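In case you want the letters, here they are:
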Amino acid sequence: MLDIQLLRSNIDEVAARLASRGYTLDVEAFNALEAERKFLQTRMQELQSKRNTVSKQIGIAKKNGEDVSAIMAEVATLGDELKAAEDGFAAVQKQLDDWMMSIPNLPHESVPAGDDESGNVEVRRWGTPRSFDFEVKDHVDVGAPLGLDFDTGAKLSGARFTVLKGDIARLHRALAQFMLNTHTGEHGYEEHYTPYIVNDSALLGTGQLPKFAEDMFKVTRGGEEGTVDQYLISTSEITLTNTVADSILKLEELPRKMTAHSPCFRSEAGSYGRDTRGMIRQHQFDKVEMVRIEHPDNSFAALDEMVNHAENILKALGLPYRVITLCTGDMGFGSHKTFDLEVWLPAQNTYREISSCSNMGDFQARRMMARFKDADGKNRYVHTLNGSGLAVGRTLVAVLENYQNADGSVTVPEVLRPYMGGKDKIGG
RNA sequence: GGAAGCGUGGCCGAGUGGUUUAAGGCAGCGGUCUUGAAAACCGCCGAAGGUGCGAGCCUUCCGUGAGUUCGAAUCUCACCGCUUCCGCCA
């Protein structure tokens, strides 16, 4: 959520910066609604003040044994008036709140301008794509004989669900274990295990709601809707970041660095035709997530550091990749600045997204009331960051494709061998 | 699933319709004292919002939401959460 003070004082500048990411802010309508809010709030508060004063007088008079019928008659209609004023204000305030919750974050000034992914800027590359002296297969063909089973996944749950068996299931687990161990052991993140079902309030906090409900899986208990809406998490960014919701951290509690391995559930509404083959785009996939709660002065340094942490995983696995800066038009709803990591997939002869690392600034903190007490004793919003480190399913895809051999086997990257019972290859 | 109890500031805890502007304590911050520290004493010490150049003034918040009342932490209803006992269960 943006700072409403900023909209009151600098709305034209805000509108211009939002336009750069493709969001049109109706300045006139906002100003009109805000003026109405101001009028209604002032009137309501005057009436509340009057009620308080008069009620206090009645209390004193009664205590002194005086006759209060005159005062009582005077305020006979005050209750109804006040109720109407409060209802009127609440309705306008809700409109304003709903609007504020649906406005995306402002891009940082260093974010390149652009309408879509063609405006993204490559920052650096690492590794050299391997040259093959045989015909390269994609991960579907490499994986099928090794236990990558799309048919059974579809039988159980429909399209975009996959069953892993045998060594390939173990390789998938090995990847997650390696990532988690690296982030906890070498990068200083605290391991978390968190719920996979969350209340709508958590999703409002991180920004999946109210705008993106169609991307989520909603769940019911015993087939009945509860009093609060609940959803499967689409990323553990949701649970990790919301751990600091409604709290005021001490200065020395910053930064807080958290990581978790979790499944992620996404409806993939609006991407029906895309990536239908293979396990690039699934309704359920595993991800090791990094989340950082930072002092505002440190959040960009933290972003660079977190990108490096994600890169370290790819380097350790020997997977070629590149880092790109997302342009204004390609960034996510709540992002202030985002770097994507794209891994080399030889069968597609291109780089594909495997991690996304974002500095959300105070956007999520304001929505979830996550603050810290600064050196002057003032409460300020923290900055929140999140990044994949990495998407496990896509990392498995990358390993299968990049490490495939002519005989149909797949070499196990060295760092994973301890997790594979010492095996140096699977299949073949 | 059955039964009972409990939700008050960072923490503990008083408060069962009327100057509550939420007592008191702990923690924290500032000061006095001290060579320094501790102890003691004095003072400060919740959050959100509105309005104003500003000192300030005003409003809201006692799990959440409705309701009763001139007036609600206090009364009513619903919901959420926690604790204990019984049953069931990985």
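Quantities reported herein were computed from a predicted structural model and do not represent experimental measurements. Within each chain, residue numbers correspond to sequence positions counted from 1 in written order. Whichever chain is written first is A, and whichever ligand is written first is 1; the rest continue in order. For this predicted model, a pLDDT threshold of at least 70 governs which residues receive local features, and a threshold of 80 or more governs which side-chain atom pairs are given and counted, while totals over whole chains, interfaces and linings are taken from all residues. Heavy atoms throughout the structure, all of them, feed into the side-chain values; hydrogens and water do not.

Participant: How would you summarise the overall build of chain A if you had to cite specific residues and measurements?
Facilitator: Helix and strand counts for chain A stand at 12 helices and 18 strands. We call a residue buried when its accessible area falls under 20% of the maximum for its residue type, exposed when it is over 50%, and partly exposed in between, using a 1.4 Å probe and counting protein chains only. Across the 428 residues in chain A, those meeting the buried criterion constitute 50%. A sequence separation of at least 24 residues applies to 72% of the contacts in chain A between residues at least 6 apart. For chain A, the accessible surface area stands at approximately 20400 Å², while carbon and sulfur atoms represent 48% of it. The sign given to each residue is positive for Lys and Arg and negative for Asp and Glu; His and the chain ends receive no count. Where a charge sits is defined by one atom per residue type, namely NZ (Lys), CZ (Arg), CG (Asp) or CD (Glu). Chain A carries 48 positive and 62 negative side-chain charges, and their two centres are separated by 3 Å. Helix and strand assignments follow DSSP, with helices taken as H or I runs no shorter than four residues and strands as E runs no shorter than two, numbered in order from the N terminus. In this analysis, two residues are considered to be in contact whenever any of their non-hydrogen atoms come within 4.5 Å of each other. With residues, only the protein chains shown are counted as cover, and all accessible areas are computed by Shrake-Rupley using a 1.4 Å probe.

Participant: Now, about the protein's contact with RNA strand B: what can you tell me, with residues and values included?
Facilitator: Any residue with a non-hydrogen atom lying within 4 Å of a molecule or strand is treated as near it. The environment of RNA strand B is formed by 24 residues, the closest being R8, Q48, R51, S55 and R371. Contact between RNA strand B and Q5: a phosphate oxygen at 3.2 Å from a side-chain N or O atom of the residue. For the surface near RNA strand B, the secondary-structure elements that each account for two or more residues are α1 (4-19), α2 (27-63) and β14 (370-373). As used in this structure description, the phrase polar contact means that two N or O atoms lie within 3.5 Å; if the pair is within protein, one of them must be able to donate a hydrogen and the other to accept it, and residues adjacent in sequence are counted only when both atoms belong to side chains.

Participant: So what's going on with the nonpolar core? Residues and values would help.
Facilitator: Buried residues of nine kinds, namely Ala, Val, Leu, Ile, Met, Phe, Trp, Tyr and Cys, make up a nonpolar core once their side-chain atoms join them within 4.5 Å. The biggest cluster of nonpolar side chains holds 49 residues, and the ones touching the most others in it are L171, L175, L314, L319 and L400. In this structure, L171 is in contact with L396, V399, L400, L416, M420 and I426, ignoring residues within four places of it in sequence. Within the second largest apolar cluster, 32 residues are counted, among which are A15, L18, M44 and L106.

Participant: Pulling in residues and values, what's your account of the packing of α2 against helix α4 (residues 78-101)?
Facilitator: Here, axes are lines fitted to C-alpha atoms. For helices the fit covers the stretch in contact, and angles between N-to-C directions go from 0 to 180 degrees. At a minimum axis distance of 9 Å, the contact between α2 and α4 shows a crossing angle of 150°. Considering their axes alone, α2 and α4 lie roughly antiparallel with respect to each other. Relative to α4, the crossing made by α2 is left-handed. Lys, Arg, Asp and Glu make up the charged group, whereas Ala, Val, Leu, Ile, Met, Phe, Trp, Tyr, Cys and Pro make up the nonpolar group; the residues left over, Gly among them, are polar. Residues of the contact of α2 with α4, tallied by class, amount to 14 nonpolar, 5 polar and 8 charged. Orientation categories follow fixed angle ranges, with anything under 35 degrees roughly parallel, anything over 145 roughly antiparallel, 65 to 115 roughly perpendicular, and all other angles oblique. Handedness of a crossing follows from how the near helix is turned relative to the far one, being left-handed for an anticlockwise turn of less than a right angle and right-handed for a clockwise one.

Participant: An account of the pattern of salt bridges is requested, with residue identities and associated values reported.
Facilitator: For this document, the term salt bridge refers to a Lys or Arg side-chain nitrogen within 4 Å of an Asp or Glu carboxyl oxygen. Applying the stated rule across the entire model yields 24 salt bridges. Put simply, R17 and E13 hold a salt bridge, and the shortest N to O gap is 4.0 Å. Taken together, the residues span about one helical turn, with R17 and E13 both in helix α1 at a distance of 4 residues. Taking relative accessible area as the criterion, R17 reaches 29% and is therefore assigned partly exposed. Note on E13: relative accessible area 45%, which makes it partly exposed. Beyond isolated ion pairs, a larger network of salt bridges with shared partners links E122, R125, R322 and E342.

Participant: Can you explain the sheet that holds β14? Please cite residues and give values.
Facilitator: Here a strand pair is declared whenever DSSP counts at least two bridges between the two strands. A sheet is described by the order of its strands in space; here 3 strands give the open sequence β8-β14-β15, paired in mixed fashion. For this open sheet the edge positions go to β8 (247-249) and β15 (379-381), each flanked by a neighbour on one side alone. Within the sheet, the average angular offset between the axes of one strand and its neighbour, ignoring direction, is 40°. As defined by bridge partners, β14 adjoins β15 across 3 bridges and the pair is classed as antiparallel. If you follow K373 over to β15, its bridge partner there is N379.

Participant: Give a detailed account of helix α7 (residues 166-185), specifying residues and quantitative values.
Facilitator: Here α7 contains 20 residues, and its C-alpha end-to-end distance of 28 Å stays within 8% of the 28 Å for a straight helix at 1.5 Å per residue. Taken residue by residue, α7 has I168, L171, H172, A174, L175, A176, F178, M179, L180, T182 and H183 as its buried positions. For a helix, the expected span equals 1.5 Å multiplied by the number of residues minus one.

Participant: Go over the packing of α7 against helix α12 (residues 392-402) with me, naming the residues and quoting the values.
Facilitator: Packing of α7 against α12 brings their axes to within 10 Å, and their N-to-C directions diverge by 115°. Considering the relative orientation of α7 and α12, their crossing is right-handed. Contact residues: α7 offers I168, L171, H172, L175, A176 and M179, while α12 offers V392, G393, T395, L396, V399 and L400. Residue classes in the contact of α7 with α12 are distributed as 9 nonpolar, 3 polar and no charged.

Participant: If you had to explain the pairing of strand β12 (residues 337-345) to someone new, which residues and values would you point to?
Facilitator: A large share of β12 lies buried, amounting to 9 of its 9 residues. Examined bridge by bridge, strand β11 (residues 321-325) and β12 share 5 bridges and lie antiparallel to one another. Across the sheet, the residue bridging to V323 is L341, located in β12. Linking β12 to strand β13 (residues 350-359), which pair antiparallel, is a turn of 4 residues; within it N349 sits at a positive phi near 55°.

Participant: Help me get a handle on the side chain of T194, residues and values and all.
Facilitator: Its location among the elements puts T194 in the loop between β4 (190-192) and β5 (197-199). The class of T194 is buried, set by a relative accessible area of 9%. A polar atom in the side chain of T194 sits 2.8 Å from the side chain of T239. When residues no more than four places from it in sequence are discounted, the contact partners of T194 are S236, T239 and L240.

Participant: Tell me what's going on with the environment of V288, and back it up with residues and numbers.
Facilitator: Within the fold, V288 resides in strand β10 (residues 284-294). On the basis of relative accessibility, which here comes to 0%, the residue V288 falls in the buried class. It is 4.3 Å that separates the C-alpha atoms of V288 and H261, two residues lying 27 residues apart in sequence. Once you skip the residues sitting within four places of it in the chain, V288 turns out to touch A176, M179, L180, H183, T259, A260, H261, G387, S388, G389, L390 and V392.

Participant: Residue-level account of the sheet that holds β11, with values.
Facilitator: Judged by pairing direction, the sheet is mixed, and its 8 strands sit side by side in the order β1-β11-β12-β13-β16-β10-β9-β4 without closing on themselves. Edge positions in the sheet fall to β1 (121-126) and β4, since each has one partner strand and no second. Each strand of the sheet is rotated relative to its neighbour by a mean of 25°, with strand direction disregarded. Inspection of the sheet shows β12 paired to β13 by 9 bridges, in the antiparallel sense. Following the sheet pairing, E342 is matched in β13 by E353. Lying over the sheet, α12 contacts β10, β12, β13 and β16 (383-391), oriented at roughly 35° with respect to β16.

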